[in-house]
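One-letter residues, chain by chain:
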There are 2 protein chains.
Amino acid sequence: MNTKRTNIENVPKAVVNRLSLYLRELQQLMRAEKMTISSTNLGRRLGLTAAQVRKDFAYFGQFGYPGIGYRCEELAAEIRQILGTDRVWPVALIGCGNLGQALLGYKGFKKQGFRIVAAFDVDRSIVGTEIESLKVHHLDELLSMSQALEIRLAILAVPSSAANSVVEKLVEAGILGILNFAPVTLNLPKSVSIVGVDLAMELEQLAFAVVKQGERQ
Amino acid sequence: MNTKRTNIENVPKAVVNRLSLYLRELQQLMRAEKMTISSTNLGRRLGLTAAQVRKDFAYFGQFGYPGIGYRCEELAAEIRQILGTDRVWPVALIGCGNLGQALLGYKGFKKQGFRIVAAFDVDRSIVGTEIESLKVHHLDELLSMSQALEIRLAILAVPSSAANSVVEKLVEAGILGILNFAPVTLNLPKSVSIVGVDLAMELEQLAFAVVKQGERQ
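Computed from a predicted structure; not experimentally measured.

(A) Layout of the sheet that holds strand β9 (residues 153–156) of chain A. Residues and elements named next belong to chain A. Strand order across the open sheet formed by 7 strands is β7-β8-β6-β5-β9-β10-β11, with mixed pairing between neighbours. A single partner strand is all that each edge strand has here, and the edge strands are β7 (130–131) and β11 (193–196). Bridge analysis of β7 against strand β8 (residues 134–138) gives 2 bridges, and the strand direction is antiparallel. Each bridged residue has a counterpart across the sheet, and for E130 the counterpart in β8 is K135. Across the sheet, helix α7 (residues 142–149) touches β5 (89–94), β6 (114–121) and β8, and the angle it forms with β6 is around 165 degrees. Its contacts with the sheet put helix α8 (residues 160–172) on β5, β9 and β10 (177–180), and the angle it makes with β9 is roughly 165 degrees.

(B) Seen up close, the environment of B:E150. Residue and element names in this part refer to chain B. Counting through the fold element by element, E150 comes out in the loop between α7 (142–149) and β9 (153–156). A residue is classified by how much of its surface remains accessible, and E150, at 59% relative accessible area, is exposed. E150 sits 39 residues away from K111 along the chain, and the two C-alpha atoms are 20 Å apart. The contacts of E150, once residues within four sequence positions are left out, are P90 and M145.

(C) Molecular detail of the pairing of strand β11 (residues 193–196) of chain B. Residues and elements named next belong to chain B. What you see with β11 is a clean split: S193 and V195 sit on the buried side and I194 and G196 on the side with no burial. Where strand β10 (residues 177–180) lies against β11, 4 bridges are found, and the strand directions are parallel. Looking across to β11, one finds that I178 is bridged to I194.

(D) Representation of the packing of aromatic side chains in the model. Residues and elements named next belong to chain A. Following the criterion strictly, the structure yields 12 aromatic pairs over all chains and no others. Consider the rings of F57 and F63, whose centres lie 6.1 Å apart with planes at 85 degrees: the pair is edge-to-face. Just as F57 is buried, F63 falls in that class too. Ring centres of Y59 and F60 lie 6.3 Å apart, and the angle between their planes is 55 degrees; on these two criteria the pair is classed as tilted.

(E) Region of interest: the relation of the copies chain B and chain A. Relative to chain A, chain B is turned by 180 degrees and slid 0.0 Å along the rotation axis, the superposed coordinates differing by an RMSD of 0.1 Å. In symmetry terms, the pair is related by a two-fold rotation axis. It is B:N98 whose C-alpha, among those of chain B, lies nearest the rotation axis, at 2.2 Å. Taken together, the interface assignments show that 100% of the residues at the interface of chain B recur at the interface of chain A, consistent with an identical surface on both copies.

(F) Just the pattern of salt bridges, in detail. All names here are of chain A. Applying the stated rule across the entire model yields 10 salt bridges over all chains. Ionic pairing is found between R87 and D86, a salt bridge with its closest N-O pair at 3.4 Å. Relative accessible area serves as the criterion here: at 43%, D86 is assigned to the partly exposed category. Where K169 meets D140, a salt bridge forms, and the shortest distance between an N and an O atom there is 3.3 Å. With K169 in helix α8 and D140 in the loop between β8 and α7, the pair connects residues that are 29 residues apart, well separated along the chain.

(G) Broad picture of the interface of chain B and chain A. Each side of the interface is counted separately: chain B has 72 residues, and chain A has 72 residues. Between chain B and chain A, a total of about 6400 Å² is buried, with carbon and sulfur atoms accounting for 66% of that surface. On the chain B side of the contact with chain A, B:L203, B:E204 and B:F208 bury the most area, a combined 11% of that side's loss. Our enumeration of links across chain B and chain A arrives at 2 salt bridges. The partner of B:E204 in a salt bridge is A:R24, with the nearest N and O atoms 3.0 Å apart.

(H) Layout of the environment of A:V11. Residues and elements named next belong to chain A. If you trace the backbone, V11 turns up in the loop between β1 (2–3) and α1 (13–31). Residue classification places V11 among the buried residues on the basis of a relative accessible area of 7%. The spacing of V11 and V197 is 186 residues in sequence and 21 Å in space, taken between C-alpha atoms.

Basis of the calculations
Starting afresh in each chain, residues are numbered from 1 along the sequence in its written order. To label them, take the chains in the order written and letter them from A, then take the ligands in the order written and number them from 1. At least 70 in pLDDT is required for a residue's local features to be given in this predicted model, at least 80 for side-chain atom pairs to be given and counted, and no such filter applies to totals for whole chains, interfaces and linings, which use all residues. The side-chain figures draw on all heavy atoms in the structure; neither hydrogens nor water molecules are used. Strands are labelled as partners when DSSP assigns at least two bridges between them. Only runs of H or I of at least four residues qualify as helices and only runs of E of at least two qualify as strands under DSSP, and these elements are numbered from the N terminus. Whether two residues touch is decided by their heavy atoms; if any such pair falls within 4.5 Å, the residues are in contact. Note on geometry: axes are lines fitted to C-alpha atoms, helical ones only across the stretch in contact, with angles between N-to-C directions running from 0 to 180 degrees. Throughout this description, buried means an accessible area under 20% of the type-specific maximum (1.4 Å probe, protein chains only), exposed means over 50%, and partly exposed covers the range between. Put simply, two rings from Phe, Tyr or Trp (the six-membered ring, in Trp's case) pair if the centres are within 6.5 Å, and we call them stacked under 30 degrees between planes, edge-to-face over 60, tilted for the rest. Alignment of the copies relies on least squares applied to C-alpha atoms, considering only residues that score at least 70 for pLDDT in both. For this document, the term salt bridge refers to a Lys or Arg side-chain nitrogen within 4 Å of an Asp or Glu carboxyl oxygen. For any pair of parts, buried area is found by adding up, for both, the accessible area (1.4 Å probe) each one loses once the two are put together.

As structure tokens, this is what we get:
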């Protein structure tokens, strides 16, 4: 096994996205106490050809064993290392309205190595209160708290109208990655990464399933 | 062009998932006034081989033209038809707490053909109020309203502890697809489809981007 990261610059976003999908499959296999899986079978679970699976991993190194395939636990650990989720990431939540409060209660982040360690708002009626055992700070404290807690990731859950002015403060505070729930284009320096959340995609999958179900009957 | 849907039963979920990704790329190409795209270039945008792209579409028919590739508008329309989003889907929102209220304000659903037409809760302090111009009904009204409004999809945004008892009512009301935000396993008849939301996946993509950024410096 050999992790090369020389060409990491050229990895398409969608390949990185599939790393998350592979990881979820491996986590499921491990829960079922499966030790190994071939590229063919791993691909089959995700509707990918074995060649596509191997090509995806080839960006990062050589992880399979001839005649064995991938060792689930080992490959999962490799993916976590590639994604950077082999450590716990402290995350800042910006915006503690309905969405922000819902996200504070969301259990899925912690399970994959993300921990919301600080929450911010500008609304004086929210600042100073506690939500899910976390004190809400004023956004002006973001810079000092990000430095103290070494926060590099932020979840942006503010109204669209406020998003761009807030983003400037995130950049100043040294935030390098933003998960954006506001459906607006953000003006960001190249050094800051952004991922937008597209919840409609999941509904499309459901629509398909329901259409399919209708045809079956 | 020829849409065959005979083998639709055997389409892996991940292929259907990629239909959404292809659709987003095509929508972007159309905004940029691109008329056609080859399977190679469409694949490149998503880090997929041309063979994988063609294999994905082959489940549903033959959409490309020799020497031309795919016609963007046409392929987008085909995908919408396959997914079932060539029509507007009325959606029920179950649970009008923080998450539910945030989802009622979410603009991304409408853009892709989903419309939350009815909201439900059991909390007497919320039932009867209006959120985002939508009246909140008691869950007991779900059956009659689902029939009247022909609702087949529901977004489940209730606390985990309530999820399974609510699901029974959804099934009774004829809901066929559930977008589940509660991080629990739901007991569902086979005729009802479910998609869970995994927000951590997006954070993993950000973690990778930040790690990559760090290595570049």
